[in-house]
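# What the coordinates show
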Amino acid sequence: MSAQGTGIVIAIDGPSGSGKSSTAKGVAKARELRYLDTGAMYRALTWWMLHHGVDVGDPAAVAAQVERPVITMGTDPNAPTVEVDGRDVAADIRGKDVTTSVSAVSAVPEARELLVRTQREVIAAARAESAGIVVEGRDITTVVAPDAPVKLFITASAEARAQRRSKEVRTGDVAATQADLARRDKLDSSRVHSPLTRTEDATELDTTGLTLDEVVALVVKLADEVAAE
Ligand code: DC
């Protein structure tokens, strides 16, 4: 994917709370790359469905509406944005309603097809216009950008992930957060279409016990090595 005149693609997959978003953003800032949070796109689509009263438990109802919202992602890692039909939904998509429903929406094949297409367009534009892009999600190394020269699968222990996510959403209830993460992991890993899986050629990075700076430094080193090849 690093053909002449085109930027690098760093593909990062992993479960919620593994540290992949912070890592992806940190690496993009360190190497002046663009940044794409694909989970935010599934959340934005879910937000639109809920906002328009679509029954997210009904895959056919979701499939019938997927083309309607216009989801626009800003890829500056210093100020990433997410808009639906011109409205800033960055805060709304982190709410409980969206978090509860997003696994159901992201299991709908038509939703995935549409968002994967959009994600590839964003990647192509970034590669043409900049030094490249860091893309994070669940199926980036397997489906969205399987030819990316840098592919990572980021993990952390269930406890560490729950601790981090609790801090992010400012709840002291770590046990409830851990249960919610386990529920989503199960749904995201067992769904029929593009489940979260690690491919053999993705480098696994367990971030339990590492600081964010340490993880970012490791990934930057890996990317620099690949770029120098
Ligand atoms: O990373 P996140 O928690 O914001 O992702 C929200 C949901 O979106 C997650 O439960 C799984 C789904 N997702 C997906 O199916 N494919 C992706 N590439 C990214 C996220």
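Computed from a predicted structure; not experimentally measured. (Residues numbered from 1 in each chain as written. Predicted model: local features only at pLDDT ≥ 70, side-chain atom pairs only at ≥ 80, totals over all residues. Heavy atoms only, no water.)

## Examining helix α8 (residues 174-190)
Structural remark: α-helix, 3.6 residues per turn; residues separated by three or four positions point the same way. Applied cut-off: Numbering of helices and strands runs from the N terminus; a helix is a DSSP stretch of H or I covering at least four residues, while a strand is a stretch of E covering at least two. Helix span, as expected, comes to 1.5 Å for every residue beyond the first. Burial classification: accessible surface area is computed with a 1.4 Å probe over protein chains only, and a residue below 20% of its type maximum counts as buried, one above 50% as exposed, and the rest as partly exposed. Regarding the arc, it is the one traced by the directions from the helix axis to the C-beta atoms. Contacts between residues were defined by any pair of non-hydrogen atoms, one from each residue, lying within 4.5 Å.
Between its first and last C-alpha, α8 extends 24 Å over 17 residues, near the 24 Å set by a 1.5 Å rise per residue. Buried within α8 are the following residues: T177, L181, R184, D185 and D188. Buried residues of α8 fall within an arc of 110° about the axis and therefore sit on the same side. Along α8, exposed side chains directed more than 90 degrees from the buried face belong to A175, K186 and S190. Buried residues belonging to α8 abut α2 (38-51), α4 (96-106) and α7 (158-168).

## As for the nonpolar core
Side chains of nonpolar character tend, in soluble globular proteins, to be buried together. Defined as follows: Take the buried Ala, Val, Leu, Ile, Met, Phe, Trp, Tyr and Cys residues and link them wherever side-chain atoms come within 4.5 Å; each set so joined is a nonpolar core.
With 39 residues, the main nonpolar core has L45, M49 and I133 as its most contacted residues. Examining the composition of this core, we find that eight residues originate from one element, α2, more than from any other. Not counting residues up to four positions away in its chain, the partners in contact with M49 are V54, V56, V62, Q65 and V66. With 18 residues, the next largest nonpolar core counts I8, Y35, V134 and L205 among its residues.

## Some words on the pairing of strand β4 (residues 81-84)
Which entries qualify depends on this criterion: In short, DSSP must find at least two bridges between two strands for them to pair.
Side chains V82 and V84 of β4 all project onto a buried face; the interleaved residues T81 and E83 project onto a face where none is buried. Pairing analysis gives four bridges linking strand β3 (residues 71-74) to β4, with the strands arranged antiparallel. Bridge pairing in β4 places G74 opposite T81. The sheet contact formed by β4 and strand β5 (residues 87-88) spans two bridges and is antiparallel. Within β5, the residue paired with V84 across the bridge is R87. Counting the residues that bridge the hairpin from β4 to β5 gives two residues, and of these D85 lies at a positive phi of roughly 50°.

## Side note on the site of the ligand
The following threshold applies: One heavy atom within 4 Å of a molecule or strand makes the whole residue count as near it. In protein, a polar contact means a hydrogen-donor-capable atom and an acceptor-capable atom, both N or O and within 3.5 Å, with residues adjacent in sequence counting only if both atoms are side-chain atoms; elsewhere, any N or O pair within 3.5 Å suffices. Where accessible areas are quoted, they stem from the Shrake-Rupley method and a 1.4 Å probe; at the residue level, only the protein chains shown are allowed to cover. Ten residue types, Ala, Val, Leu, Ile, Met, Phe, Trp, Tyr, Cys and Pro, are classed as nonpolar, four, Asp, Glu, Lys and Arg, as charged, and the remainder, Gly among them, as polar.
Contacts to the ligand come from 17 residues, most closely from R43, R112, D139, D188 and R191. Interatomic distance of 2.9 Å between a side-chain N/O atom of R138 and an oxygen atom of the ligand. Within the complex, the protein chains bury 98% of what would otherwise be the 450 Å² of accessible surface of the ligand. Secondary-structure elements contributing two or more residues to the shell around the ligand are α2, α4 and α8. The element best represented in the shell around the ligand is α2, accounting for four residues. Classifying every residue of the shell around the ligand gives two nonpolar, six polar and nine charged.

## Section: unusual backbone geometry
Phi at E32 takes a positive value of approximately 50°, unusual for a residue other than glycine. By the secondary structure assignment, E32 is in the loop between α1 (20-30) and β2 (34-37). In this structure E32 comes out as exposed when scored by relative accessible area, which is 67%. Within the chain, D85 stands out as a residue other than glycine whose phi angle is a positive 50°. Positionally, D85 belongs in the loop between β4 and β5.

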